[in-house]
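Letter by letter, the chains look like this.
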Amino acid sequence: MSIDYKQLIANKINGTPLDKAEIVALITETADDSFGDYAFPCFRLAKEMRMSPVAIAQKLADEFVPDEHIVRAQAVNGYLNFFVNRVDFAANVLDEVLAAGQNYGNDTLGNGKTICIDYSSVNICKSFHIGHLSTTAIGSSLYKIYRALGYNVVGINHLGDYGTQFGKMIVAFKLWGNRADAEQKGVAELQRLYVKFHQEEPDHPELTQQAREWFVKIEQGDSEATELFELFKRITLTEVKRIYERLDVHFDSWNGESFFNDKMAAPLAMLRDKGLIKESQGAQVVDLSDYGMPPCLLVKSDGSSLYATRDIAAAIWRKAEYNFDKCLYVVAYQQNLHFKQFFKVLELAGLDWAKDLVHVAYGMVSLEDGAMATRKGNVVLLKDVLDKAVAKSLEIITAKNPDLPNREQVAEQVGVGAVLFSALENSKIKDIVFSYDRVLNFDGETAPYLQYTYARCNSLVGKAGARGKRCDISALDNAETLRLAKLLGAFPQAVKDAADKYEPSIISGLLIDIAQAFNKFYIEHRVICDDVQVQNARLKIVDATATVLKKGLALLGIQCPDKM
Ligand code: ARG
C-alpha cells in the first residue's frame, strides 16, 4: 500500500524506550475490525517503563493526537488499538488497484534473478492421470507468480523418458502392436501394450531378456530402437500438450532423463574424486548413514545409471546453463527421500548452491469414489476429469443463464478452473479427495464462485463504468468497504508470501475472502442507485474487486469469463 500505516502509527507513539523500527515490528493488523484496525502491544515495555502494560496503553492513548489518517486510539487490556480514517484508507487502496490494473501485485524484487521450476514432468508411454494434477497446477501457478515478481523463470518438464520399461515397450509393440493403432488410439494403446507385456512375462521368460536387449539398443542409439522410442515419445507428448494447452501451462525446457544420458560421467568422476563413492555389492553408492538415510545408489552392478544419477547430472547442468538462484522441484511427497538424498550428495560434494535446491512437496489426490489404482493401468485420466467437469459446468450454466452466448467456452473456463483450483485451494502438502459437486459448487469456496463474483462485478462496471467520474467518497465510510479494502490492499503481500512459501493457496485463500467480503458489501450497499456520485464511489469498489479477482485467478492459471 502506498501509505504505510504501521509507520504512520509508529510516528505517533512517543515516550517509549523503543525506536521506530522496533515499534513498527510490534504493530499488528487486528483480526476483528471492531477493536480497531492496528494494535500495538505494550507488554514488552512494562519492565523498562516500570508501569503495567494496561497503564502504559492508557498513557499512550491519553497522549494520542488524531490526524487525517489515524483518527482514534483506544487502550484495551494492555494493547493500544488504532482506528484508521476509513474513507482515506479505502480511497487509497482503490486508487492504487485501479491505477495498476492487471499489474497490481507485480513487483521488481526478482529482477536479475532466475528460478528454475521442475514441474509436471510426465512419463513417456504413461497416461496423464489425476496424480499429475497437483504438480502441474502448483508448478504452473508458481511460474506465473514468480514472473509477476520480476524473476526470470525457467519452466522445466523433466520427462521420464529413460528406463528399462522402454525396452519392454518395444518388445510389446513389435509382438502385439502396430503403428496405425498407436497413432490413432494414442497413449491408451501404449498402456495396453505395457500391461500386456506384464501379463505375458511370467509365462514367457524370454520376453525379459528381449526387453533388456532392446533397452541396450536404445542406449546405443540403434536406429530401429531410436525410431520406435521417438514414436512413443511423440505420441505421448502430442496428447500431453493438448492438456497443457487447455490448462494454459508452459515449459521452456523439455530436457528429461534421457537428455542426461551422456552427461553423467563428469559428475560421477567428480564425486569419485572427492571420495564420496563407495563400492557396495558391485554397485556404486554414496553412504549417507551419517545423515540417517539409506545409501544413494548411483550406478547399478550392470553399469546402468539411476533416477538419482540423472537428477544429480540435471542439477549440475541446470546450474551451469541457467545459473539459477533457486531450483524448485514440484514433486509428490512420496519422493521426499529421493530429493533429500541427492541434495545431500551435492552438498557433500561441496557445491554451495545445493542449498538453493528446494523440493516443493505436495499431497495426493484421490477421487471421491476411491478410484486411483495405477499398477494395473487402471487410472483416472486427467482429461476425463476435465471433460466431466466441463460437461457438468455446462449443465449448471445452462440452467442458470440459458441465453448466455458462447456457453461452451465459458463452461470450459469454469470446468477447467474448478479442477485447477481444487489443487490450489489448500496447503499443498494436504492430501485431497476430489469431488465434482464440491469443486463445482457456485456458492462454495471454489473457482466458479470466484469467477461468478468476477462476472457480477464486471457486468456492474460494464453497465455504468465510473472511472474518472466524480464520486462521493463519503460513501466509502462503512465497515464492509473497509474490510474489503483491507483485503484488496493485502494482495501484493500475499503474492510475495505465496512465492516465499511456494504456496499458491495463500493467494487462493485471499481471493475467497475478497469474494465473500465483496458479496457482503453488495448485500448491504446498493451499487446502482439514485445518487450518481455515491454510485460512482461504489462502482470503484466493484471495479477494484474485479481487477484483483482477475489478477489473482490469472496467477493461479485460471481464466475469468466476462459473463457467466
Ligand atoms: N517423472 C517423475 C515421476 O513421475 C517426476 C520427475 C520429477 N523431477 C525430477 N527432477 N525428479 O515420478
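In the block above lies the structure referred to throughout.
What you are looking at is a predicted structure, and each value in this text was computed from that prediction instead of being measured. (Residues numbered from 1 in each chain as written. Predicted model: local features only at pLDDT ≥ 70, side-chain atom pairs only at ≥ 80, totals over all residues. Heavy atoms only, no water.)

Caption draft 1: Structural view of the pattern of salt bridges. Tallied over the full model, the rule gives 25 salt bridges. Among the ionic pairs, K185 bridges to D181, the shortest N-O distance being 4.0 Å. Linking K185 with D181, this pair stays in helix α8 (residues 179-185), spanning four residues, or about one helical turn. What makes K185 partly exposed here is its relative accessible area of 46%. (Salt bridge = Lys/Arg side-chain N within 4 Å of Asp/Glu carboxyl O. Helix = DSSP H or I, 4+ residues; strand = E, 2+ residues; numbered from the N terminus. Buried < 20%, exposed > 50% of the residue type's maximum accessible area, 1.4 Å probe, protein only.)

Caption draft 2: Here's a closer look at the sheet that holds strand β10 (residues 326-332). Sheet architecture is open: four strands sit in the order β6-β5-β10-β11, paired in parallel fashion. Because the sheet does not close on itself, it has two edges, and the strands there are β6 (152-156) and β11 (357-362). For this sheet, the mean inter-axis angle between neighbouring strands, taken without regard to orientation, is 20 degrees. Note: strand β5 (residues 114-118) against β6, five bridges, orientation parallel. Looking at the pairing, T114 lines up with N152 of β6. The strands that helix α13 (residues 307-322) touches are β5, β6, β10 and β11; relative to β10, the one it contacts most, it runs at about 145 degrees. (Pairing = 2+ DSSP bridges. Axes fitted to C-alpha atoms, helices over the stretch in contact; angles between N-to-C directions. Contact = heavy atoms within 4.5 Å.)

Caption draft 3: The arrangement of the nonpolar core in detail. Residues F40, F82, I117, L142, Y146, F232 and L511 are the most contacted members of the largest nonpolar core, which totals 159 residues. Among the nonpolar cores identified, the runner-up in size contains 31 residues, and C116, M293, F339 and V345 belong to it. (Core = buried A, V, L, I, M, F, W, Y, C linked by side-chain atoms within 4.5 Å.)

Caption draft 4: Structural context of the side chain of K319. Along the chain, the position of K319 falls in helix α13. In this structure, K319 is buried with no salt-bridge partner, the nearest side chain bearing the opposite charge being D356 at 4.9 Å. Residue contacts for K319: discarding those within four places in its chain leaves F324 and W353. (Lys, Arg positive; Asp, Glu negative; His and termini not counted.)

Caption draft 5: Representation of the pairing of β10 within the structure. Counting buried positions along β10 gives six out of seven residues, so the element sits mostly inside the fold. Two elements, β5 and β10, share four bridges in a ladder whose sense is parallel. When the sheet's bridge partners are listed, D118 is paired in β10 with Y329. As paired elements, β10 and β11 share six bridges and run parallel to each other. Each residue of the ladder has a partner; that of V331, found in β11, is A361. In this fold, the crossover linking β10 to β11 by way of helix α14 (residues 336-348) has right-handed handedness. (Right-handed = clockwise from strand over helix to strand, strands pointing away.)

Caption draft 6: Representation of the site of the ligand. The immediate surroundings of the ligand are formed by D118, S121, N123, H158, Y307, D311, Y329, V331, Q335 and F339. Side-chain polar atom of D118 to a nitrogen atom of the ligand: 2.7 Å apart, as the coordinates give it. N123 places a polar side-chain atom, nitrogen or oxygen, 2.7 Å from a nitrogen atom of the ligand. With the chains in place, 86% of the 340 Å² that the ligand exposes on its own is no longer accessible. (Near = heavy atom within 4 Å. Polar contact = N/O pair within 3.5 Å; in protein donor to acceptor, adjacent residues only side chain to side chain. Areas by Shrake-Rupley, 256 points an atom, 1.4 Å probe, with all protein chains shown as cover.)

Caption draft 7: Layout of empty space enclosed by the protein. Counted under the stated rule, the structure contains two cavities of 30 Å³ or more. Quantified by volume, the largest cavity comes out at close to 70 Å³. Together, 13 residues line the largest cavity, and S134, A423, K428, K430 and I432 are the ones closest to its centre. Taken together, the residues that form the lining of the largest cavity break down as six nonpolar, five polar and two charged. Of the volumes computed, that of the second largest cavity is approximately 30 Å³. The wall of the second largest cavity is formed by M264, P267, L268, L271, L298, T309, I312 and A313. Elements that contribute at least two residues to the lining of the second largest cavity include exactly α12 (265-273) and α13. Classifying every residue of the lining of the second largest cavity gives seven nonpolar, one polar and no charged. (1 Å grid on protein atoms, 1.4 Å probe; cavity = no way out; pocket = protein on both sides within 12 Å on 5 of 7 lines; lining within 4 Å. Points joined across faces, edges and corners; volume = space filled by probe spheres on them. Nonpolar A, V, L, I, M, F, W, Y, C, P; charged D, E, K, R; others polar.)

Caption draft 8: Inspection of the packing of aromatic side chains at higher detail. Counted according to the given criterion, the structure contains 30 aromatic pairs. Judged by centre distance (6.0 Å) and plane angle (90 degrees), the ring pair of W317 and Y322 falls under edge-to-face. A ring pair is formed by F324 and W353, whose centres lie 5.8 Å apart and whose planes are at 85 degrees; its orientation type is edge-to-face. With a gap of 29 residues between them, F324 in the loop between α13 and β10 and W353 in the loop between α14 and β11 connect regions that are remote in the sequence. Looking at F324, the relative accessible area reads 1%, which means it is buried. Taken together through their ring pairs, the aromatic side chains of Y119, F128, Y143, Y244, F251 and W254 make up a single cluster. Over the ring of W214 we find K217, and its NZ or CZ is 4.2 Å from the ring centre. (Phe/Tyr/Trp six-rings, centres within 6.5 Å; stacked < 30°, edge-to-face > 60°. Lys NZ or Arg CZ within 6 Å of the ring centre and 35° of its normal.)

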